[in-house]
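A closer look at the structure
Residue strings, one per chain:
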Amino acid sequence: MDITSIVYPIVSIGGLGILFGAGLGYASKKFAVEVDERIPKVRDLLPGANCGGCGFAGCDAFATAVVEEGVDICSCPVNSDESAGKIAALLGVDPSCSIKRVALVKCKGTCSNSQNKYDYYGIMDCNDAAAIPGGGAKACSYGCLGLGSCKKVCPFDAIRIEDGIAVIDEDKCTACGNCVDACPKAVIELVPKQNKVRVLCNSNDKGKEVKEACSVGCIGCKLCVKSCEYDAIDFEDNLAHINYEKCSHCMACVEKCPTKIIEGQHVLTEA
Amino acid sequence: MMELFIIFLSAILVNNFVLSRFLGICPFLGVSKKVETALGMGVAVTFVMTLASIISYMVYNWMLVPLKITYLYTIAFILVIAALVQFVEMVIQKTSPTLYQALGVYLPLITTNCAVLGVAVINMNEGYNLIKSVVNGFGAALGFTLAIVLFAGIRERIENNNILNAFKGFPIALITAGLMSIAFLGFQGLL
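Residues numbered from 1 in each chain as written. Chains lettered and ligands numbered in written order. Predicted model: local features only at pLDDT ≥ 70, side-chain atom pairs only at ≥ 80, totals over all residues. Heavy atoms only, no water.

**A few points about the overall build of chain B**
The number of helices and strands found in chain B is eight helices and zero strands. Starting at the N terminus, the α and β elements of chain B follow one another as α-α-α-α-α-α-α-α. Counting across all 191 residues of chain B, residues that qualify as buried make up 47%. Considering only residue pairs separated by 6 or more positions, chain B has 76% of its internal contacts joining residues 24 or more positions apart. (Helix = DSSP H or I, 4+ residues; strand = E, 2+ residues; numbered from the N terminus. Buried < 20%, exposed > 50% of the residue type's maximum accessible area, 1.4 Å probe, protein only. Contact = heavy atoms within 4.5 Å.)

Set out below in structure tokens:
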């Protein structure tokens, strides 16, 4: 075998590579674009899940917007206070961020609590099930269908389906809002994490209809409104709404609610 | 001269790279949402393809053939194309950041655009000389630009129409591309 058949390819292709490499090296100096060196630093301090909770295309786009356009670093709902503080120090801006929020499934309609209109054997996706006339198998047309469309879109593995409804792991939840968009029933809402007293029902039906469909629904008795000393509960469309800014965690409503759909008992046991 | 003109015309219309040879479909579908970016892509590809024709001709005929290592042509051509694309990327990033952002990932992907490798290989197989290679490469690139700009124009119009949900986006785009391809078959009788 001729040794040249090995040497020629190595020398020629290698030589070409070196030639092009040198050319490109020169070109990269000549056409260098100045990039703000803070952008990659900010990018490193962000969570990097690219969840889109900030409204930008991803963490890279958000970092660029923060540095170049002065977008509020708190727009990233996922970021921990610690790394937000570091970014603020890096850019020399105010580090205080607004209150942390978490997703809340406003439904307690588990298999044992809620009735079904029929047995559903279709595609295991809430959006498909909700498109069927009647809006899914659950007797309550406002409740969680429990087919896990929210679970599929959660980038942080914070949602699990338990006993027929979605359950949020508040430690993992970052309030990116993907599940809120995915839910065809609009049963998921972002609420302040520190507020533990929450209404766990989404039904706008009248009391009688609610009772027929589900044993743990808001029947619109307004006992909570009357019991609240802080005027923190509004009543609208047959459903109680808690004003989280006014709520003082006194637990009066939690104790009064006849169907036990105002959550907050665990705060009592913790305290 | 007549022969050059025939090569040129055939590369643009009769053997249109996208619509007759089905090469370079990736950017054809990827960056054809707006006429402006499609045109930018077309210009970038034109630049790369023309230069790639010249350099790959030189590499093949002046280096690989004398050394009798023509079997290495694929790797040599890809080396040439990759270096050229890198160069184009730097130039575009410097001169037009907007275009750079609009083209996005499709710009470095010209490297793997089979149309560019295709033109180099076709030049080699047809045994074209340097001038013919350049004309063929330039013509093929213009054909690509023509196809992608026309396609982008149609897609812009489709965007505002009421289309069945199942056909929205890529399905209708692929059907459109198929119809365009059939239309370009009409040029087969030209030469």
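**Description of the overall build of chain A**
When helices and strands are counted, chain A shows eleven helices and eight strands. In chain A, which comprises 271 residues, the proportion classed as buried is 40%. Long-range contacts, defined here as pairs at least 24 residues apart, represent 57% of the contacts in chain A between residues at least 6 apart. Just so you have it, chain A exposes about 14800 Å², and 53% of that area is on carbon and sulfur atoms. (Areas by Shrake-Rupley, 256 points an atom, 1.4 Å probe, with all protein chains shown as cover.)

**Looking at the packing of aromatic side chains**
When we look at a pair of aromatic rings, we describe it by the centre distance and by the angle of the planes. Tallied over the full model, the rule gives seven aromatic pairs over all chains. Taking the centre distance of 5.9 Å and the plane angle of 80 degrees together, the rings of phenylalanine 31 of chain A and phenylalanine 87 of chain B count as edge-to-face. Taken together, the residues phenylalanine 31 of chain A in the loop between helix 1 (4–30) and helix 2 (38–45) and phenylalanine 87 of chain B in helix 4 (residues 73–95) connect one chain to another. Judged by relative accessible area, phenylalanine 87 of chain B falls into the partly exposed class, the value being 27%. Measuring from centroid to centroid gives 5.7 Å for phenylalanine 56 of chain A and phenylalanine 62 of chain A, while their planes differ by 50 degrees, and the two rings are tilted. Of the residues examined, phenylalanine 62 of chain A reaches a relative accessible area of 1% and is grouped as buried. The rings of Tyr60, Tyr73 and Phe77 of chain B are connected pair by pair, giving a single aromatic cluster. (Phe/Tyr/Trp six-rings, centres within 6.5 Å; stacked < 30°, edge-to-face > 60°.)

**Some thoughts on the packing of helix 1 of chain A against helix 4 of chain B**
Interhelical geometry of helix 1 of chain A versus helix 4 of chain B gives an angle of 0 degrees and a closest axis separation of 10 Å. Classified by the interaxial angle, the pair formed by helix 1 of chain A and helix 4 of chain B is roughly parallel. Note on element contacts: helix 4 of chain B touches helix 1 of chain A through Ile75, Ala76, Leu79, Val80, Ala83, Gln86, Phe87 and Met90 of chain B, opposite Ile13, Leu16, Gly17, Phe20, Leu24, Ala27 and Ser28 of chain A. When grouped by side-chain class, the residues that make up the contact of helix 1 of chain A with helix 4 of chain B number twelve nonpolar, three polar and no charged. (Axes fitted to C-alpha atoms, helices over the stretch in contact; angles between N-to-C directions. Parallel < 35°, antiparallel > 145°, perpendicular 65-115°, else oblique. Nonpolar A, V, L, I, M, F, W, Y, C, P; charged D, E, K, R; others polar.)

**Some words on the interface of chain B and chain A**
Contact residues are listed per partner, giving 18 residues for chain B and 14 residues for chain A. The largest share of the area that chain B buries against chain A comes from Leu79, Met90 and Lys94 of chain B, three residues that together contribute 33% of it. Applying the counting rule to chain B against chain A returns zero salt bridges. Linking chain B with chain A are zero residue pairs in polar contact (both at pLDDT 80 or more), by the criterion used here. Looking at the side of chain B that touches chain A, the elements with two or more residues in it are helix 3 (35–64) and helix 4 of chain B. With eleven residues, helix 4 of chain B is the single largest residue contributor to the side of chain B that touches chain A. Classifying every residue of the side of chain B that touches chain A gives 15 nonpolar, two polar and one charged. (Buried area = accessible area lost by both parts, 1.4 Å probe. Salt bridge = Lys/Arg side-chain N within 4 Å of Asp/Glu carboxyl O. Polar contact = N/O pair within 3.5 Å; in protein donor to acceptor, adjacent residues only side chain to side chain.)

**What to know about the pairing of strand 7 (residues 239–242) of chain A**
Residues and elements named next belong to chain A. Across four bridges, strand 6 (residues 233–236) lies against strand 7 in antiparallel orientation. Paired with glutamate 236 across the strands is leucine 239, a residue of strand 7. Linkage of strand 6 to strand 7, two consecutive antiparallel strands, is achieved through a turn of two residues, within which aspartate 237 is found at a positive phi near 50 degrees. (Pairing = 2+ DSSP bridges.)

**Thoughts on the packing of helix 2 of chain A against helix 3 (residues 59–69) of chain A**
Residue and element names in this part refer to chain A. In the contact formed by helix 2 and helix 3, the axes pass within 9 Å of each other and the chain directions differ by 125 degrees. Classified by the interaxial angle, the pair formed by helix 2 and helix 3 is oblique. Both helix 2 and helix 3 take part in a crossing whose hand is right-handed. Contacts between helix 2 and helix 3 involve Arg38, Ile39, Val42 and Arg43 from the first element and Cys59, Asp60, Ala63, Thr64, Val67 and Glu68 from the second. Broken down by class, the residue content of the contact of helix 2 with helix 3 amounts to five nonpolar, one polar and four charged. (Left-handed = near helix turned anticlockwise from the far one by under 90°.)

**Focus on the confidence of the model for chain B**
All names here are of chain B. Chain-level statistics for chain B give a pLDDT mean of 88 and a share of 100% at 70 or above. Of all helices and strands in chain B, the one with the weakest mean pLDDT is helix 5 (residues 97–103) (79), whereas helix 7 (residues 130–159) scores best (93). The ipTM value of the predicted complex is 0.75, and its pTM value is 0.57. (pLDDT = per-residue confidence, 0-100.)

**Overview of unusual backbone geometry**
All names here are of chain A. Its identity as a non-glycine residue notwithstanding, aspartate 157 has a phi of 55 degrees, on the positive side. Positionally, aspartate 157 belongs in the loop between helix 6 (149–153) and strand 2 (159–162). Accessibility expressed as a relative area gives 55% for aspartate 157, which makes it exposed. For lysine 222, which is not glycine, the phi dihedral falls at a positive 65 degrees. Position of lysine 222 among the secondary structure elements: in the loop between helix 8 (207–213) and helix 9 (223–227).

**Considering a negative patch on the surface**
Judged by side-chain charge, Asp231, Asp234, Glu236 and Asp237 of chain A come together as a negatively charged surface patch. Considering the arrangement of structural elements, one finds aspartate 237 of chain A in the loop between strand 6 and strand 7. (Patch = residues over 30% accessible without salt bridge, like charges linked within 9 Å, V, L, I, M, F, W, Y side chains within 5 Å. Lys, Arg positive; Asp, Glu negative; His and termini not counted. Charge placed at Lys NZ, Arg CZ, Asp CG, Glu CD.)

**Describing the side chain of serine 114 of chain A**
Examined against the element boundaries, serine 114 of chain A turns out to sit in the loop between strand 1 (101–105) and helix 5 (126–131). Apart from the residues within four sequence positions on either side, serine 114 of chain A is in contact with Gly109, Lys138, Ala213 and Cys214 of chain A.

**Considerations on the pairing of strand 2 of chain A**
Judged from the four bridges that link them, strand 2 of chain A and strand 3 (residues 165–168) of chain A form a sheet pairing that is antiparallel. When the bridges of strand 3 of chain A are listed, arginine 160 of chain A appears paired with valine 167 of chain A.

**As for a nonpolar patch on the surface**
A cluster of nonpolar side chains, namely Ile3, Ile6, Val7, Tyr8, Ile10 and Val11 of chain A, defines an oily patch on the protein surface of about 560 Å² accessible area. Following the sequence through the fold, valine 7 of chain A ends up in helix 1.

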